[in-house]
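# Observations on the model geometry
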Protein chains: 2
Amino acid sequence: MQAGQGRAEEIPDILNEEEALELAVELAKRGPGGQANPQVGCVILQPSRHDFGGQSAVVGVGWHRGAGTDHAEVAAIKSAQPVSLVGATAVVTLQPCNATGSTGPCAQALVDAGIRRVVYAVSDPAAQAAQSDDYLRKHGVQVVGPLTADDGSVPPRAYELVRRWLLAQQRRRPYVIVKSSASLDGRIAAPDGSSRWITGARARAFAHFVRGNMGAIIVGTETVLIDDPLLSARRPDGSEGPFQPLRVAMGMRDVPAAAKIRTGDHFVHARTRDPRSALAQLWELGVSCVLVEGGGQVISAFLAAGLVDEIHAYIAPMLLGADGVPSVGPTGITTLAQAPRFSVRDVKPLDPDVLLVLDTTTLEK
Amino acid sequence: MQAGQGRAEEIPDILNEEEALELAVELAKRGPGGQANPQVGCVILQPSRHDFGGQSAVVGVGWHRGAGTDHAEVAAIKSAQPVSLVGATAVVTLQPCNATGSTGPCAQALVDAGIRRVVYAVSDPAAQAAQSDDYLRKHGVQVVGPLTADDGSVPPRAYELVRRWLLAQQRRRPYVIVKSSASLDGRIAAPDGSSRWITGARARAFAHFVRGNMGAIIVGTETVLIDDPLLSARRPDGSEGPFQPLRVAMGMRDVPAAAKIRTGDHFVHARTRDPRSALAQLWELGVSCVLVEGGGQVISAFLAAGLVDEIHAYIAPMLLGADGVPSVGPTGITTLAQAPRFSVRDVKPLDPDVLLVLDTTTLEK
């Protein structure tokens, strides 16, 4: 492999296909999340005359680095130069595309490179529509994928990588995550407005990690005026992470020229109170996943519109009492049967806090 | 062993001392919790001329069944009759007593039975004060215990069994657990007062299991008048569990003769608004652990008095909105720095809900 692929020193020399898929998932995460293109990773294996006990030499690795750059497969092919890839196997997290967008179709690139076997984990509806598998097979490539058991399960880590992106494609709008950081009794600030910090350092670091995987962060214009948040994705040392989401102020109020949210060139003002309209605007800007960070009014608007796919509820083990600021504003719910119920996808201890990750599937009672 | 010891069929034939302690812990749990006496279990092993690979025959088992009944050690000795216990080993979860209460001292009973070795997990300050170990050693018994490593750790399950009881002894008042079942946004009822059910069947079953280990359940008189709870510890099929806590209405209002809380002979009216006074009254009645189930006013009173040792926060993944009934009433907190912070001892998924078990230790920020 050529140098300059970044952290290439961490790439193992030989792998079997299952291990190669795990590596491809990790490589995919080096690219930006929440954008028009999904995170994809690719590992190219060259079978050898030597017996590696079912393993093959890793001769290329690649991942997608963002809109307008090479797809993972092409990046992996380029990384292998000048090694010949004739007869090699490409292991990819997502079905190779067969469309000419800002870059050429990956299916053709794989054929041209001499790849003779493609293993992919998750199918991409667009690639299926474009008959990517057929193209590869017609050109003598053995295709294995999607890696779906009969019961519909797919390798969970590869699926998790594109789950939100796939749902966004289906819905033709960004996938929406609502974040709330509240006390045990559901308060996001004390009566005097003080809220720094309700959650501890670990929870805040994780929230910044999540921001770094979003295409955009939304806050209401009122939150901009009151809290003046920077909304960047930062490391614990305060430095900016490798990928920065769009920073979106949603609402009708003007955003002052000096507002921190305007720092850099990531600022968007979605001058609307309608969540659907804000999402349409972001979708046009190539955003496939947004994090709604507040305030309560904006969160209530997304909930009322049925436009919340996931909730990140950071719970701090503290009590603020009934005079504190509530995490969710009035909802119009008058009786218990009207309340939306979700399912807990994950519970993540972030000492001293706890993060509940919720799917907003309405459950049977 | 004699028959009639209850579920004796589950007792293994041979065990080593470590396994015997695990069994003793399980046996202890068959007795009532939250009372004046702790839950204690005892297993008696009879070394044999046969080599069991470090294991010995189990010749007696016992556990404490509640105030006025035999202590675990005496119950175990009796269960062994007519087998001779000369030269046998007693494995006990708690240091044997050396005091004559409503029953005779266990240290003497062990000596009289011919026991030659006593292994106990956790030391009991009262037994230590009464020089129980010295008594046993003076009578030729080898004493191993407490099973404390140099760093102060003890076998965690044996310690957990008596942790609350030991704290109650230290403080000369019942250990206090506050229970709350709330939505994600900290609401315990919808605006119209409907609250059945915010949590699901698993959470409710676990809450009844917890009730069955309490000496008393406290609710405010207002809750009695509004909700008319039965407050018994019930199995999922609705039948009453083996142990029933005292059912305590706390407050100045009269409790109607027809109130469900008066069912059976477990009712107590603590005619006070002062948590300290209510706890003193229950301590006199032999209660070492109470569960405070609400309402918000009673919970606030216990919090304000600094009389909460543990919080069971059942969180239902649903939203009720700011017009719902808050889980905690006004606290007088005006700014974040005044808010009490706790530590998360345990996170228990009770699908679809999550239980956070909190220690009310104030943490450094």
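Residues numbered from 1 in each chain as written. Chains lettered and ligands numbered in written order. Predicted model: local features only at pLDDT ≥ 70, side-chain atom pairs only at ≥ 80, totals over all residues. Heavy atoms only, no water.

## Topic: the sheet that holds strand 11 (residues 267-270) of chain A
All names here are of chain A. Taking strand neighbours across the sheet as the criterion, the eight strands line up as 11-10-9-12-7-13-16-15 in an open arrangement whose pairing is mixed. A single partner strand is all that each edge strand has here, and the edge strands are strand 11 and strand 15 (343-350). Ignoring strand direction, the axes of neighbouring strands in this sheet form an average angle of 20 degrees. Sheet analysis places strand 9 (residues 216-220) next to strand 12 (residues 289-294), joined by four bridges and oriented parallel. Considered in strand 12, the bridge of Ile-217 is made with Leu-291. Each of strand 7 (175-183), strand 12, strand 13 (310-316), strand 15 and strand 16 (353-359) is contacted by helix 6 (residues 156-171), which is oriented at about 120 degrees to strand 7, the strand it contacts most. (Pairing = 2+ DSSP bridges. Helix = DSSP H or I, 4+ residues; strand = E, 2+ residues; numbered from the N terminus. Axes fitted to C-alpha atoms, helices over the stretch in contact; angles between N-to-C directions. Contact = heavy atoms within 4.5 Å.)

## Focus: the side chain of Ser-194 of chain A
Locating Ser-194 of chain A in the fold gives a position in the loop between strand 8 (187-189) and helix 7 (201-211). Within the structure, the side chain of Ser-194 of chain A is placed 2.6 Å from the side chain of Asp-192 of chain A, a separation counted as a polar contact. Here Thr-335 of chain B takes part through its side chain, which lies 3.1 Å from a polar atom of the side chain of Ser-194 of chain A. Apart from the residues within four sequence positions on either side, Ser-194 of chain A is in contact with Ala-189 of chain A together with Thr-335 and Leu-336 of chain B. (Polar contact = N/O pair within 3.5 Å; in protein donor to acceptor, adjacent residues only side chain to side chain.)

## Digging into unusual backbone geometry
Here the amide bond leading from Gly-294 of chain A into Gly-295 of chain A is cis, since omega sits at -5 degrees, within 30 degrees of zero. Take Gly-295 of chain A: it is sitting in the loop between strand 12 and helix 10 (296-304). A cis amide bond links Arg-196 of chain B to the next residue, Trp-197 of chain B, at an omega of -5 degrees. Its place among the elements puts Trp-197 of chain B in the loop between strand 8 (187-189) and helix 7 (201-211). For Arg-172 of chain A, which is not glycine, the phi torsion reads 55 degrees and is therefore positive. On the accessibility criterion, Arg-172 of chain A (56% relative accessible area) is exposed. Phi is positive for Leu-231 of chain A, close to 65 degrees, though the residue is something other than glycine. Relative to the elements of secondary structure, Leu-231 of chain A occurs in the loop between helix 8 (221-227) and strand 10 (246-250). Accessibility expressed as a relative area gives 2% for Leu-231 of chain A, which makes it buried. (Buried < 20%, exposed > 50% of the residue type's maximum accessible area, 1.4 Å probe, protein only.)

## Here's the deal with the domain arrangement of chain A
All names here are of chain A. According to the domain assignment, chain A consists of domain 1 (14-164) and domain 2 (173-360). On a C-alpha basis, the centres of domain 1 and domain 2 stand 34 Å from each other. In this assembly, 11 residues from domain 1 lie in contact with 14 residues from domain 2. Carbon and sulfur atoms make up 44% of the area that domain 1 and domain 2 hide from each other, which totals about 960 Å². For the domain 1 face of the interface with domain 2, the top three residues by lost area are Gly-34, Arg-163 and Arg-164, together amounting to 57%. Scanning the region where domain 1 abuts domain 2 turns up three salt bridges. (Domains from an automatic or database assignment. Buried area = accessible area lost by both parts, 1.4 Å probe. Salt bridge = Lys/Arg side-chain N within 4 Å of Asp/Glu carboxyl O.)

## What about the pairing of strand 4 (residues 89-94) of chain A?
Residue and element names in this part refer to chain A. With six of its six residues buried, strand 4 lies for the most part within the structure. Bridge analysis of strand 2 (residues 41-46) against strand 4 gives four bridges, and the strand direction is antiparallel. Opposite Leu-45, over in strand 4, you have Thr-89 as the bridge partner.

## Side note on the interface of chain B and chain A
In this assembly, 44 residues from chain B lie in contact with 44 residues from chain A. Taken together, the two surfaces of chain B and chain A that pack against each other cover about 3500 Å², and 68% of this comes from carbon and sulfur. Counting every contact that joins chain B to chain A gives zero salt bridges. Summed over the shared surface of chain B and chain A, the result is 22 residue pairs in polar contact (both at pLDDT 80 or more). Elements with a minimum of two residues in the side of chain B that touches chain A: strand 13 (310-316), strand 15 (343-350) and strand 16 (353-359) of chain B. Partitioning the side of chain B that touches chain A into residue classes produces 29 nonpolar, nine polar and six charged. (Nonpolar A, V, L, I, M, F, W, Y, C, P; charged D, E, K, R; others polar.)

## Focus on the UniProt feature "binding site: substrate" (unreviewed entry) in chain A
Residue and element names in this part refer to chain A. Under the local residue numbering, the UniProt record ascribes the feature "binding site: substrate" (unreviewed entry) to Arg-211, Leu-231, Arg-234 and Glu-293. Here Arg-211 lies in helix 7. Look at Arg-211 and you get buried, because its relative accessible area is 9%. What Arg-211 contacts, discounting residues up to four positions off in sequence, is Ile-217, Leu-231, Ser-232, Ala-233, Arg-234, Pro-245, Leu-291 and Glu-293. Relative to the elements of secondary structure, Arg-234 occurs in the loop between helix 8 and strand 10. Among residues more than four places away in sequence, those in contact with Arg-234 are His-208, Arg-211, Ser-239, Glu-240 and Gly-241. (UniProt positions renumbered as here; feature names shortened; annotations may be inferred.)

## A short note on the relation of the copies chain B and chain A
Each of the two chain copies can be brought onto the other by rotation about an axis and movement along it. With an RMSD of 0.0 Å, the fit of chain B onto chain A corresponds to turning through 180 degrees and sliding 0.0 Å along the axis. On this basis, the relationship between the two copies can be described by a two-fold rotation axis. Using C-alpha coordinates, one finds that chain B approaches the rotation axis most closely at Gly-186 of chain B, a distance of 2.2 Å. (Least-squares fit on C-alpha atoms with pLDDT ≥ 70 in both.)

## Some remarks on the pairing of strand 12 (residues 289-294) of chain B
All names here are of chain B. When you tally the buried positions in strand 12, you get six out of six residues, the bulk of the element. Sheet analysis places strand 7 (residues 175-183) next to strand 12, joined by four bridges and oriented parallel. Following the sheet pairing, Val-178 is matched in strand 12 by Val-292.

## Focus on the nonpolar core
Formed by 60 residues in total, the largest nonpolar core has its most connected members in Phe-302 of chain A together with Phe-302 of chain B. Excluding residues within four positions of it along the chain, Phe-302 of chain A makes contact with Val-176, Ile-218, Met-250, Pro-275, Leu-279, Val-292, Leu-307 and Val-308 of chain A. (Core = buried A, V, L, I, M, F, W, Y, C linked by side-chain atoms within 4.5 Å.)

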